[in-house]
Amino acid sequence: GSGPIPMVLCDGLGCDGFIWQHLKPIFEDKCTFYHFHYRGHGLSEAPALQHAVTVRDLRSDLEAVFNHYEIDKAIILGHSMGVQVGLDFAIHHPERTAGIVPVCGSYGHPLDTFHNTDLMNKVLPYLRRLVSISPKRAQQIWSKGLTTEIAYQFAIRMEVNGKVLRREEFGPYFQHLAAMDVRVFLGLVEDLAQHSTERYLSGLDVPVLVVAGQHDTFTPAWLSERMADLLPDSELLMIPGGTHVAPIEIPELFHLRLKKFLRKRIAPKFQAAEPEAKAPEAKSAKKKVT
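Residues numbered from 1 in each chain as written. Predicted model: local features only at pLDDT ≥ 70, side-chain atom pairs only at ≥ 80, totals over all residues. Heavy atoms only, no water.

K.L.:
Would you mind going over the overall build of the protein chain in detail, with residue names and values included?
P.N.:
Looking only at helices and strands, one finds 11 helices and 6 strands in the protein chain. Considering only C-alpha atoms, the protein chain reaches an extent of 80 × 40 × 35 Å along its principal axes. Here the protein chain holds 290 residues, and 49% of them are scored as buried. A separation threshold of at least 6 residues defines the contact pool for the protein chain, and within that pool the share at least 24 residues apart is 77%. Of the charged side chains in the protein chain, 32 are positive and 33 negative; the average position of the first set lies 2 Å away from that of the second. (Helix = DSSP H or I, 4+ residues; strand = E, 2+ residues; numbered from the N terminus. Buried < 20%, exposed > 50% of the residue type's maximum accessible area, 1.4 Å probe, protein only. Contact = heavy atoms within 4.5 Å. Lys, Arg positive; Asp, Glu negative; His and termini not counted. Charge placed at Lys NZ, Arg CZ, Asp CG, Glu CD.)

Structural data, given as structure tokens:
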């Protein structure tokens, strides 16, 4: 993109950008996108230290992206786990956060509410133990299982809206997930289970557009409603019929509301800075003429 608003994209766990596929073409004249791949995701290598896969590490990487591209301030869009990464960054760097759009995610402890039960929290230690016993065999099962037709059909029938999603939109998610190191995946899950930004949300004074899917089973919609209540300057978009991947199920509604949010709450911040920078130059020119 080449627009005046810097927009940083934070993916969900096990994702490398499939959720933003409809967003970029629509907003490329309004925004300049910065989309980075987490450690062990997409084009990024797995961390040298296996335990260095925490939200804190990802937040530090996000700060490095800001510094490398000399981004003074940007709006942060986070999906799923990216919500926790984006909120964590904003809490530590509010001066660099123009606004946040948390999409289908939680502010913390997501395993406590996954499918509205804490079962995953109880199962996780056993999964970690099994993987540690035979990492190679666990990786084989992980990679093969996620690339079967059964896995795809289960997802579109039980987790997402298969009536509106096309295979080419959702299929790449499974391919990328299957290629991941299962130890990196579970390491991040373990840290996410313990991570929460809840107690800091009331002091986060930046514009926020919370986006939720009405039928999201990964991060139930009531979590987004609570997040919007906790944040002092927030709006809520509940996407009817949407699931955890609502931005690619019903992109038109998401884009329409995001455009309004950018126009009213975000764009003025970047427009206001421009005249102030030019004013001294104009004044100096006038003195020379006189």
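Still more to cover.
K.L.:
If you had to explain the environment of Glu-63 to someone new, which residues and values would you point to?
P.N.:
The residue Glu-63 is located in helix α2 (residues 55-68) in this model. The spatial distance from the C-alpha of Glu-63 to the C-alpha of Thr-147 is 34 Å, given a sequence separation of 84 residues. Sequence-distant contacts of Glu-63, defined by excluding residues within four places in its chain, comprise Phe-89, His-93 and Arg-96.

K.L.:
Which residues make up the sheet that holds strand β4 (residues 97-103), and what values do they have?
P.N.:
Reading across the sheet, the 6 strands line up as β2-β1-β3-β4-β5-β6 and stay open at both edges, with parallel pairing between neighbours. Every interior strand has two partners, whereas the edge strands, β2 (31-35) and β6 (234-239), have only one. In this sheet, neighbouring strand axes are inclined to one another by 20° on average, regardless of whether the strands run parallel or antiparallel. Sheet topology places strand β1 (residues 5-10) next to β2; 5 bridges connect them, and they run parallel. The residue of β2 that forms the bridge with Leu-9 is His-35. (Pairing = 2+ DSSP bridges. Axes fitted to C-alpha atoms, helices over the stretch in contact; angles between N-to-C directions.)

K.L.:
Tell me what's going on with the pattern of salt bridges, and back it up with residues and numbers.
P.N.:
Taken as a whole, this structure holds 13 salt bridges when the rule is applied. A salt bridge links Glu-169 to Arg-166; its shortest N-O distance comes to 3.4 Å. Here Glu-169 falls in the buried class, since its relative accessible area comes to 3%. The closest approach of N and O atoms between Arg-183 and Asp-181, which form a salt bridge, is 3.1 Å. Salt bridges sharing common partners tie together Asp-233, Glu-235, Arg-257 and Arg-265. (Salt bridge = Lys/Arg side-chain N within 4 Å of Asp/Glu carboxyl O.)

K.L.:
Requested: an account of the layout of surface pockets, with residues and values cited.
P.N.:
To find the voids left in a structure, one rolls a probe of water-molecule size over its atoms. Considered as a void within the structure, the largest pocket measures approximately 1300 Å³ in volume. Around the largest pocket, the lining comprises 43 residues; the ones closest to its centre are Phe-114, Tyr-173, Leu-177, Phe-185 and Phe-218. Elements with a minimum of two residues in the lining of the largest pocket: α3 (81-92), α4 (119-133), α5 (135-146), α6 (149-158), α7 (167-179) and α8 (182-194). Looking at which element gives the most residues to the lining of the largest pocket, the answer is α5, with 6 residues. Here the residues of the lining of the largest pocket sort into 30 nonpolar, 11 polar and 2 charged. (1 Å grid on protein atoms, 1.4 Å probe; cavity = no way out; pocket = protein on both sides within 12 Å on 5 of 7 lines; lining within 4 Å. Points joined across faces, edges and corners; volume = space filled by probe spheres on them. Nonpolar A, V, L, I, M, F, W, Y, C, P; charged D, E, K, R; others polar.)

K.L.:
So what about the side chain of His-79? Which residues, and what values?
P.N.:
Within the element layout of this structure, His-79 appears in strand β3 (residues 74-79). Beyond its immediate stretch of four places on either side in the chain, His-79 contacts Cys-10, Asp-11, Gly-12, Ile-19, Trp-20, Val-103, Cys-104 and His-244.

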